[in-house]
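Per-entry structural report
Next come the chains, spelled out residue by residue.
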Amino acid sequence: MTEKLVIIGNGMAPGRMLEHLFETAANRYEITIFNAEPRVNYDRIMLSPVLSGEKSYEQIIIHGDGWYIKNGITLYKGHKIVAIDRDAKTVASDHGVVAPYDKLIIATGSVPFILPVPGNNLAGVLSYRDLDDVNAMLLAAQSRAKAVVIGGGLLGLEAAAGLEARGMDVTVLHLMPTLMERQLDPAAGHLLQRAIEDRGIKVITKANTKAILGDKRVEGIELADGRVIPATLVVMAAGIKPNAWLAKDAGLTTNRGIVVDADMRTSDPDIFALGECAEVDGQVYGLVAPLYEMARVAAAHLSGADTSAAFVHNDTPTKLKVTGIDLFSLGDFADGDDRQEIVLRDAAAGIYKRVVLKDNRIIGTVLYGETGDGGWFNDLKKKQVNITEMRDTLIFGQAYQGGTPLDPTAAVAALPDDAEICGCNGICKGAIVNAIKQKGLTSLEEVRAHTKASASCGSCTGLVEQVLSLTLGGSYAPAAVQPMCGCTALGHDDVRRLIKAKELKSIYAVMQELEWKTSCGCSKCRPALNYYLVCDWPGEYADDYQSRFINERVHANIQKDGTYSVVPRMWGGMTSANELRAIADVVDKFNIPAVKVTGGQRIDMLGIKKDDLPAVWADLGKAGFVSGHAYAKGLRTVKTCVGSDWCRFGTQDSTGFGVRIEKFMWGSWTPAKVKMAVSGCPRNCAEATCKDVGVICVDSGYEIHFAGAAGLDIKGTEVLGLVKTEDEALEVIVALVQMYREQARYLERIYKWAKRITFDEVRRQVLNDAEKRKGYFDRFVYSQKFAQVDPWSERVSGLHKHEFKPMATVGMAEAAE
Amino acid sequence: MTWAFIGSINDIPQRGARCVETPIGKIAVFRTAEDRVFAIEDHCPHKGGPLSQGIVHGAAVTCPLHNWVISLETGKALGADEGAVRTIPIRVDGDKLFIALVTEADRAA
C-alpha cells in the first residue's frame, strides 16, 4: 500500500523536494498539499520583476495545475492548516478537511516582521511576501502617489525599485547607516545608495520609524527625530521570521524556527520541516540555494535513496534583482589583522571589488558594478584554493589568470593609438604621444596645458603619467606629490580639487571615486576628509563624528590621564563678576582640581571626568557661556587690549572690534587652529603680530596682519594692508579666513599655507580683488548658518549621550565581596 | 569565567567604542564599520591613553594621546611600535553583547 505524504505549504522548497522525489521514488507516496495561498507553486524570487512589470504572474509559475494532475497530487488551494494531531497522525484545515498522513512535511515558510509601532495595522500598510502583496501594491501604485518602504535590505530595495518603476514617488527608510549592511561593506553600500538615488528613489539612512500616521488609512510616517514623510502606501520589508507556530502548537521542538537535524527531520521522526521555517544547526535561511539543498536532503530520506544525505551549511552569494544594479556579496568580508584585503576601485566605471583573504585563501568577496567573476571567486572560496601564485592579478578576475603578471605600463604600452585616455576631454593616446614628441613636453602640467588630458576631473592622471614615462623613457621624473596617507596616492590638493570637481559629498564617495586603497581609511585621512567635506558642502554634508579626533567629538580637551579640560568662551577676553562666580561655583560643585588663566585671555578648568562634562556645561550654559572651541581646528580666541575705552594711547575700540570678530566667526571649522588678536595701538599689547590674523589699530584705520606664528615656529606677521573702517576690516579678515578654509591642507596653519601660495597671492585675492573678496565673505556667512550652534548646549540636551556614559558596570558586586 | 551582559551592539556607534567598568578596570568595547565587536583593556601600552576615545579604522584604533595604532584583534601595537594590551573575549548573541569576566573562583582554581 502506498504511504500517505502530506505537505503543509506549497512554496519553492517543497516543490523542489517533490521533483527530486519523483525522480527516485515516483509512486511510493500518495501526496496531498495544503496551500494557504489559493495558488500553484510559483517563483517567489521573481516577485520583484512582477512588481516592476518586467514579468507577469504566468511567467513565474513553476508548477502549473497540469503538473499536479499529472503526478496525482491532491492540492488544496486556499486551505490553511490549523492543527496537527500527532497521535492520530492527521492534519486539519480551516475549511474542515482532515487528512491522515504517514509522513508529514511542514513548509510554512516565514512571516514578515511587522514593526511594533502605532499605526502598523492601518489600511495601506503592506508586507512583501506573496503575490497578494504584489497585487495590492500594484493597485496602490495606480494612484502614482507617495510610497515609503521600511527596510533597505534586499527585499526592501527590490520593492522600492518596483514601485518606482510603476510611477510612485518612493522613499526608503533604513535603520542602519548604509544599505544592505549585512551583505555589503560600507563602500559598496554607498555605491548602491547612489545608484538607487539616481533612479529618483529617496533614501534616508539611520531612520528610526516612530509611528505610522493616519486615521483609517496611512497618511505618513513619523521618524524618531520628528521628521514626517507623507505616504499613502507603506511597505514593511524590515525582515522575516520563520513561521513555526503550527509546529510549536503540535509540541515539536522549536527555537527561532522548527528545529531539524541534518536529515531535515523534526523532533518527531515522521515529520520533516524544510524551507524558511526550518532551523538547522542554529541557522535559519532565506535565500533559495540552501532551501533547495534542504529539499534535496529531505527527498533523499523520504525516497530512501540516500539515507546518509545531510544538510551542510554553505555561504550563499547574495545578488540584488534590480535591473541595472549589479552586486554580489559572499562570505565574511570584515577586515582584521589576520586578514588581507585586495581592493579595486574604478571610479569612472562605478566598479568596486574587494576580496578578503585569510592564510592566502578567499574568505569573502564584495563586488559592485561588475559581478561577472562572482562565480569564480565563489569557487575559489569553496575549494579553499591557495591564491599566492595569482595574488597580484586575482582582483582582475579569471580572464587575467594564467599569463605573465601584468605590468601596468605594459598595459598602457599595449593600447592602440586611438584608445581614449581622458574621457572628459576625449583625448586619445596618440594625441598625447604626438604632443609630447612634437612640443618636447616633459611634465604632467605641460601635457595638461597642451592637450587638456587629465585637466578636468583628473581621474586619468595615472594613465597620462604612464604615457609620459613610456614616451620619454627614463628621462621622465614624475613630480613627487606627498600622498595624504597610506590609503591613497593622491596629495591633499588633488583630493580637495576632486571633491569639488566631482561633487563628492560623503567620505565613502571620496574613497570610492578617488580609488582609496583601504576600505575604511585611517586616522590621518578620515579627519582631513571630514573637514574638507564640512568646508565644501555646508548644509549638505552630515558631519561624521566618528572621523573626528576625540576633542572635537566631545568638545573638550583630553588630558594625559584621560580627564578633560573645559574652556568657555570669553568674548575678546572680557568677563564679569557673574561669569567668574559661575565658574567658581562649577569648580566647587565638581571638585575641579585645577583652574588656569590661558594665553588666549580666558579660563581653563582642568581634570574634569568625562561623565561630568554635560553637567558642567549645563551649569556654565545657565550663566551664558558657550564653548570656547579651545580643542578645535577652528576659531579659537580673539585676544584684545582695552583700546580707546580705557587706554590713554588707544586709537580705536579694539575690544569692541575683537568681540565683534569673535561673535561673527565663532563655530567655524578651519584646516588648523586659528588665533587672532586686535591691538588698539602700535604698542601692540594684544600681541597681534604673532597671530594667524592680527589687527593693529592706528589713527587712520586698521592695519591687518596675517601669517604669524608663536609655537613650533616663531614668525612675525606679514602686513596684508590698511583699511579705513571696521566694516571693511571685518570683510577682509573674513575673506582671508574663508580663502584659507577653502584652499589649505588639513593641519596646515595659515603661515605655512600663505607662504606656499605666496603672500602676494593672498593680498591679490582678498584685498585687491573686490569681487573675489565678496565671494569668500558670502560663502563664509552662508556656512556659518550651519556652524554657529553651541556644541555644549546641544550635548546638554542629550545629543551623543553615548559619549559620556559607560556602557555598563559589571562584576563590581563580586569584587566587593 | 562568567559571561557578563553589557548591552546591545546598537549602544555603540559604528567605527566607535564604549567603556565598561569592571573589577579589573575599564574595558573598551569597539564596533567596526562592519559590525565586528572587540573588547580590550582601555589602556594604551605606551602611556596609558584611553583607547576607547580613539578613531576606529578597519580593525584597529588610534590612541588619542600619541597616535599609537593598536590592533583590536590581537591587542598588539601595529607598525614600528611595540607593546600590547589585554584582549577580552566577547560574545555576540543576536544583538546582545557579553564579555568574559574572570572571577575570584577562576583565579583560585
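Rules used in this analysis
Residues numbered from 1 in each chain as written. Chains lettered and ligands numbered in written order. Predicted model: local features only at pLDDT ≥ 70, side-chain atom pairs only at ≥ 80, totals over all residues. Helix = DSSP H or I, 4+ residues; strand = E, 2+ residues; numbered from the N terminus. Buried ≥ 20, exposed ≤ 12 C-beta atoms within 10 Å, placed from the backbone. Contact = placed C-beta atoms within 7 Å. Nonpolar A, V, L, I, M, F, W, Y, C, P; charged D, E, K, R; others polar. Pairing = 2+ DSSP bridges. Right-handed = clockwise from strand over helix to strand, strands pointing away. Axes fitted to C-alpha atoms, helices over the stretch in contact; angles between N-to-C directions. Core = buried A, V, L, I, M, F, W, Y, C linked by C-beta atoms within 7 Å.

1. Describing the overall build of chain B
What chain B contains, in helices and strands, is 1 helix and 10 strands. Moving toward the C terminus, one meets the helices and strands of chain B in the order β-β-β-β-β-β-β-β-β-β-α. Out of the 109 residues belonging to chain B, those deemed buried represent 48%. A sequence separation of at least 24 residues applies to 42% of the contacts in chain B between residues at least 6 apart.

2. Re the interface of chain B and chain A
On the chain A side, the residues contacting the 37 residues of chain B number 32 residues. Those elements giving two or more residues to the side of chain B that touches chain A turn out to be β1 (2-8), β2 (16-22) and β5 (55-57) of chain B. Top element by residues in the side of chain B that touches chain A is β2(B). It accounts for 6 residues. Its residues assigned to classes, the side of chain B that touches chain A shows 15 nonpolar, 14 polar and 8 charged. Sheet topology places strand β42 (residues 808-809) of chain A next to β2(B); 2 bridges connect them, and they run parallel. Residue Thr809(A) lies in a different strand from β2(B), and its bridge partner there is Glu21(B).

3. Remarks on the pairing of strand β13 (residues 169-173) of chain A
Working note: regular strand, side chains alternate between the two faces of the sheet. Residues and elements named next belong to chain A. Of all 5 residues making up β13, 4 are buried, and the element is well covered by its neighbours. Of the strand pairs in this sheet, strand β12 (residues 146-150) and β13 are connected by 5 bridges, and their pairing is parallel. Along β13, the bridge assignment pairs alanine 147 with valine 170. Running through helix α5 (residues 154-165), the crossover from β12 to the neighbouring parallel element β13 is right-handed. Crossover connection from β13 via helix α6 (residues 186-198) to parallel strand β14 (residues 202-204): handedness right-handed.

4. Section: the sheet that holds strand β10 (residues 96-101) of chain B
Residue and element names in this part refer to chain B. The strand order across the open sheet formed by 3 strands is β1-β10-β9, and the pairing between neighbours is antiparallel. The open sheet is flanked by β1 and β9 (90-93), the only strands paired with a single partner. Sheet twist, expressed as the mean angle between neighbouring strand axes with direction ignored, is 30°. Where β9 meets β10, 4 bridges bridge the pair, whose relative direction is antiparallel. Across the sheet, isoleucine 90 pairs through a bridge with isoleucine 99, a residue of β10.

5. Quick look at the pairing of strand β1 (residues 3-8) of chain A
Residue and element names in this part refer to chain A. For β1 and strand β2 (residues 29-35), the ladder comprises 6 bridges, and the chain directions are parallel. Residue leucine 5 lies in a different strand from β2, and its bridge partner there is isoleucine 31. With respect to chirality, the unit in which β1 leads through helix α1 (residues 12-24) into the neighbouring parallel β2 is right-handed. Sheet topology places β1 next to strand β9 (residues 103-106); 4 bridges connect them, and they run parallel. What sits directly across from isoleucine 7, in β9, is isoleucine 105.

6. Quick word on the sheet that holds strand β17 (residues 228-230) of chain A
Residue and element names in this part refer to chain A. One open sheet holds the 3 strands; their spatial order is β15-β16-β17, and the pairing between them is antiparallel. Looking at the sheet topology across the chains shown, the edges are occupied by β15 (209-213) and β17. Averaged over all pairs of adjacent strands, the angle between strand axes in this sheet comes to 20°, irrespective of strand direction. Two elements, β15 and strand β16 (residues 220-223), share 4 bridges in a ladder whose sense is antiparallel. Across the sheet, leucine 213 pairs through a bridge with glycine 220, a residue of β16.

7. Regarding the nonpolar core
Val149(A), Ile150(A), Leu192(A), Val234(A), Val235(A) and Val29(B) are the most contacted members of the largest nonpolar core, which has 145 residues in total. Among the elements that line this core, the one with the most residues is helix α16 (residues 525-536) of chain A, at 8 residues. In this view, Ile150(A) contacts Leu115(A), Gly156(A), Leu173(A), Thr209(A), Val234(A), Val235(A), Met236(A), Ala237(A) and Ala238(A); residues no more than four positions away in its chain are not counted. Residues Ile8(A), Ala13(A), Ala278(A) and Ala300(A) belong to the second largest nonpolar core, which totals 49 residues.

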